[in-house]
Amino acid sequence: MKLAVQRLVVRASAQRVFELFTDPAQFTQWMAPQATLEPIPGGIVRWTHPNGDTVSGRYVEITPHRIVFTYGWERSEVGIPPGSTSVEIDLASQPDGSTLVTLVHRGLDEPAADAHSGGWRHYLDRMRRAAEGEPIGADPWGMRRVPTVEERTR
């Protein structure tokens, strides 16, 4: 298994970043237009992109500086079933008021980790822009399908 790891500094408080990850109304501004988020241990994590691809899982841990949830795709051809992997997001407040965001996606095989690294980089940049008050506009990846197992192994 390979990890998909992303780190970025967001010029916003950890509280603001936390809200962007856990409040469905804010989450839908940068990740996907439909989301059900119940940020309590055992609560639902589910979002659907414009192309119909849906992620689903459950919260495992939730504190103001750490979010952990299980993750997978409802489309079986992707080969990452709902809840089969985990995403850990750590929010470290910095002295200047910014937040260091570290995201680690565990449980992916190498081709899937590579594909998800690119996806997380794209969506975390959209989250950063939303947190910093920049316009983010429509998602240029909104209609991109998640690659299937067969597509990733070619």
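The following refers to the structure shown. (Residues numbered from 1 in each chain as written. Predicted model: local features only at pLDDT ≥ 70, side-chain atom pairs only at ≥ 80, totals over all residues. Heavy atoms only, no water.)

Regarding the nonpolar core
In step 1: Trp-30, Trp-47, Phe-69, Ile-89 and Met-127 are the most contacted members of the largest nonpolar core, which has 41 residues in total.
In step 2: In terms of residue count, the dominant contributor to this core is helix H3 (residues 110-131) (eight residues).
In step 3: Ignoring any residue separated from it by four or fewer positions in sequence, one finds Ile-89 in contact with Phe-21, His-65, Arg-66, Ile-67, Phe-69, Val-101, Thr-102 and Leu-103. (Core = buried A, V, L, I, M, F, W, Y, C linked by side-chain atoms within 4.5 Å. Buried < 20%, exposed > 50% of the residue type's maximum accessible area, 1.4 Å probe, protein only. Helix = DSSP H or I, 4+ residues; strand = E, 2+ residues; numbered from the N terminus. Contact = heavy atoms within 4.5 Å.)

Here we look at the environment of Phe-27
In step 1: With respect to the helices and strands, Phe-27 occurs in helix H2 (residues 24-30).
In step 2: Sequence spacing of Phe-27 and Ala-130 is 103 residues, and the spatial spacing of their C-alpha atoms is 9.6 Å.
In step 3: Residues contacting Phe-27, with those up to four places away along its chain left out, are Leu-20, Phe-21, Ala-32, Ala-35, Leu-37 and Trp-47.

Description of H3
Note on helix geometry: an α-helix contains 3.6 residues per turn, so any two residues three or four positions apart are oriented the same way.
In step 1: Over its 22 residues, H3 runs 31 Å from end to end, which matches the ideal 32 Å to within 8%, given 1.5 Å per residue.
In step 2: Counting buried residues along H3, 16 of its 22 residues qualify, which places the element largely inside the surrounding structure.
In step 3: You can read the cap of H3 off the contacts: a side-chain oxygen lies 2.9 Å from the backbone nitrogen of Ala-112, and it is on Asp-109.
In step 4: Looking one or two residues past H3, Gly-133 carries a phi angle of roughly 80°, positive in sign. (Expected span 1.5 Å × (residues − 1). Polar contact = N/O pair within 3.5 Å; in protein donor to acceptor, adjacent residues only side chain to side chain.)

A word on the packing of aromatic side chains
In step 1: A full pass over the atoms with the stated rule returns nine aromatic pairs.
In step 2: Both rings, one in Phe-27 and one in Trp-30, keep their centres 5.1 Å apart while their planes meet at 65°; by these two values the pair is edge-to-face. Note that Phe-27 and Trp-30 are positioned in helix H2 at a spacing of three residues, about one turn of the helix.
In step 3: A residue is classified by how much of its surface remains accessible, and Phe-27, at 3% relative accessible area, is buried.
In step 4: With relative accessibility at 1%, the residue Trp-30 sits in the buried group.
In step 5: Arranged with centres 5.9 Å apart and planes meeting at 45°, the rings of Tyr-71 and Trp-120 form a pair that is tilted. Of this pair, Tyr-71 sits in strand S5 (residues 66-71) while Trp-120 sits in helix H3, placing them 49 residues apart in sequence.
In step 6: A relative accessible area of 3% places Tyr-71 in the buried class.
In step 7: Ring pairs connect the aromatic residues Phe-21, Phe-27, Trp-30, Trp-47, Tyr-59, Phe-69, Tyr-71, Trp-73 and Trp-120, which therefore count as one cluster. (Phe/Tyr/Trp six-rings, centres within 6.5 Å; stacked < 30°, edge-to-face > 60°.)

Concerning the pattern of salt bridges
In step 1: For the structure shown, the criterion picks out 14 salt bridges.
In step 2: Among the salt bridges present, the one from Asp-90 reaches Arg-66, with a minimum N-O distance of 2.9 Å. Of the two residues, Asp-90 is situated in strand S6 (residues 85-93) and Arg-66 in strand S5; the sequence distance between them amounts to 24 residues.
In step 3: In this structure, Arg-128 and Glu-134 form a salt bridge, with 3.4 Å as the shortest nitrogen-oxygen distance.
In step 4: The network of salt bridges with common partners includes Arg-11, Asp-125, Arg-128, Arg-129, Glu-132 and Glu-134. (Salt bridge = Lys/Arg side-chain N within 4 Å of Asp/Glu carboxyl O.)

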